[in-house]
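Analysis of the macromolecular model
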Amino acid sequence: MSRPGNYGKSSRLKQLRQLKRRKQQQAGNVIDWDQVTDFLLGRYHLVQGSKLPPVVDATVQRFFSEWLTTAVAQGEQQAQWDVAAITATTLKRIGNQVPWQFYGLLLGPIMRWQKLLLREGPVVPLATPRQIVKPLTATAYAALVADQLAVNLLTVMATPITAEQRERLTQSFFRDGQVQWSAVDALFSPLGFQITGEPDDATREWLNDLLALKVGDFHH
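Keep in mind it's a predicted model, so treat the numbers as computed, not measured.

1. Observations regarding the confidence of the model for the chain
- Confidence along the chain averages 88 in pLDDT terms, with 86% of residues attaining 70 or more.
- Within the model, the stretch residues 1–10 combines pLDDT values under 50 with zero contacts to residues more than four positions away or in other chains.

Here you go:
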């Protein structure tokens, strides 16, 4: 029979060994910074992407990829990802590379995407975990999109972008907390959209699928 006190000592030693092993396992699971984008895109596909129609999945996945490019560019030492700021920067960079339908399709699943980001972002196995801050409401996302569409239109029309023009156009696109897709369509459609560069087959097919969408597809 063990002497009194030995069981307690044995239990403490066992706990210490388990803690050490758990820390070693955790350290072994840490991913490199350049793997963050693939890791989160993989999580998105497993949790949401496979459940969405192909054109919606492709749209959210491409947006998320661009969003992560913006976030990762801030550097590994930037532990906080500001959803509002990163989203605004990302939409600005995407700009007119996509037709207006891209933005219409994106707003549908945007809150489900944000929910995934808020859940998955902080648990990415990095040496310094990410903090996801300043999430947006559905209305705030719609306002961002309306403003970006205003900038896109003024840009494609080669019109000098003044604050007054931008505000006036944004207001015509955004009323009662929603994007007015009929107004967007009325101004963008006559200008058309040309696929530029040499996109791969999947990208070309995706862009053509977007161009086939009508105003009635975006009543969220």
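2. Let's talk about a negative patch on the surface
- A cluster of like negative charges, contributed by Asp 32, Asp 34, Asp 38 and Glu 76, occupies part of the molecular surface.
- Locating Asp 38 in the fold gives a position in helix 2 (residues 36–47).
- Classification of Asp 38 by relative accessible area gives exposed; the value is 57%.

3. Some details on helix 10 (residues 201–211)
- The complete set of buried residues in helix 10 reads Thr 203, Trp 206, Leu 207 and Leu 210. All buried residues of helix 10 lie within an arc of 95° about the axis, which places them on one face of the element. Across helix 10 from its buried face, at more than 90 degrees, point the exposed residues Asp 201 and Glu 205.
- Of the surrounding secondary structure, the elements contacted by the buried residues of helix 10 are helix 3 (54–73) and helix 5 (100–107).
- The N-cap residue of helix 10 is Asp 200: its side-chain oxygen and the backbone nitrogen of Ala 202 are 3.2 Å apart.

4. Examining the nonpolar core
- Core analysis: the largest hydrophobic core is formed by 55 residues, its most contacted members being Phe 64, Trp 67, Trp 81, Leu 149 and Trp 181.
- Other than its neighbours up to four places away in sequence, Trp 67 contacts Trp 81, Val 83, Ile 86, Thr 87, Thr 90, Trp 113 and Leu 117.

5. Topic: helix 9 (residues 181–188)
- Listing the buried residues of helix 9 in full gives Trp 181, Val 184 and Phe 188. Looking straight down helix 9, one finds that the buried residues subtend no more than 60° of arc, so they occupy a single side.
- Contacts made by the buried residues of helix 9 are with helix 5, helix 7 (138–156), helix 8 (163–173) and strand 4 (178–179).

6. Digging into the side chain of Gln 114
- Along the chain, the position of Gln 114 falls in helix 6 (residues 110–120).
- When near neighbours in sequence (up to four residues on either side) are disregarded, Gln 114 contacts Val 83, Pro 135, Leu 136 and Tyr 141.

7. As for a nonpolar patch on the surface
- A grouping of Val 156, Met 157 and Leu 191 is seen on the molecular surface, where their side chains present a nonpolar patch of about 270 Å² in accessible area.
- Tracing the chain through its elements places Leu 191 in the loop between helix 9 and helix 10.
- According to the relative accessible area criterion, Leu 191 is partly exposed, its value standing at 43%.

8. So, the packing of helix 7 against helix 9
- Across the interface, helix 7 lies against helix 9 with an axial gap of 11 Å and an inter-helix angle of 10°. Between helix 7 and helix 9, the crossing angle belongs to the class labelled roughly parallel. Packed against helix 7, whose contacting residues are Val 145, Leu 149, Asn 152 and Leu 153, the element helix 9 presents Trp 181, Val 184, Leu 187 and Phe 188 at the interface.
- The class makeup of the residues in the contact of helix 7 with helix 9 is seven nonpolar, one polar and no charged.

Cut-offs used in this document
- Residues numbered from 1 in each chain as written.
- Predicted model: local features only at pLDDT ≥ 70, side-chain atom pairs only at ≥ 80, totals over all residues.
- Heavy atoms only, no water.
- pLDDT = per-residue confidence, 0-100.
- Contact = heavy atoms within 4.5 Å.
- Patch = residues over 30% accessible without salt bridge, like charges linked within 9 Å, V, L, I, M, F, W, Y side chains within 5 Å.
- Areas by Shrake-Rupley, 256 points an atom, 1.4 Å probe, with all protein chains shown as cover.
- Salt bridge = Lys/Arg side-chain N within 4 Å of Asp/Glu carboxyl O.
- Lys, Arg positive; Asp, Glu negative; His and termini not counted.
- Charge placed at Lys NZ, Arg CZ, Asp CG, Glu CD.
- Helix = DSSP H or I, 4+ residues; strand = E, 2+ residues; numbered from the N terminus.
- Buried < 20%, exposed > 50% of the residue type's maximum accessible area, 1.4 Å probe, protein only.
- Arc of directions from axis to C-beta.
- Polar contact = N/O pair within 3.5 Å; in protein donor to acceptor, adjacent residues only side chain to side chain.
- Core = buried A, V, L, I, M, F, W, Y, C linked by side-chain atoms within 4.5 Å.
- Axes fitted to C-alpha atoms, helices over the stretch in contact; angles between N-to-C directions.
- Parallel < 35°, antiparallel > 145°, perpendicular 65-115°, else oblique.
- Nonpolar A, V, L, I, M, F, W, Y, C, P; charged D, E, K, R; others polar.

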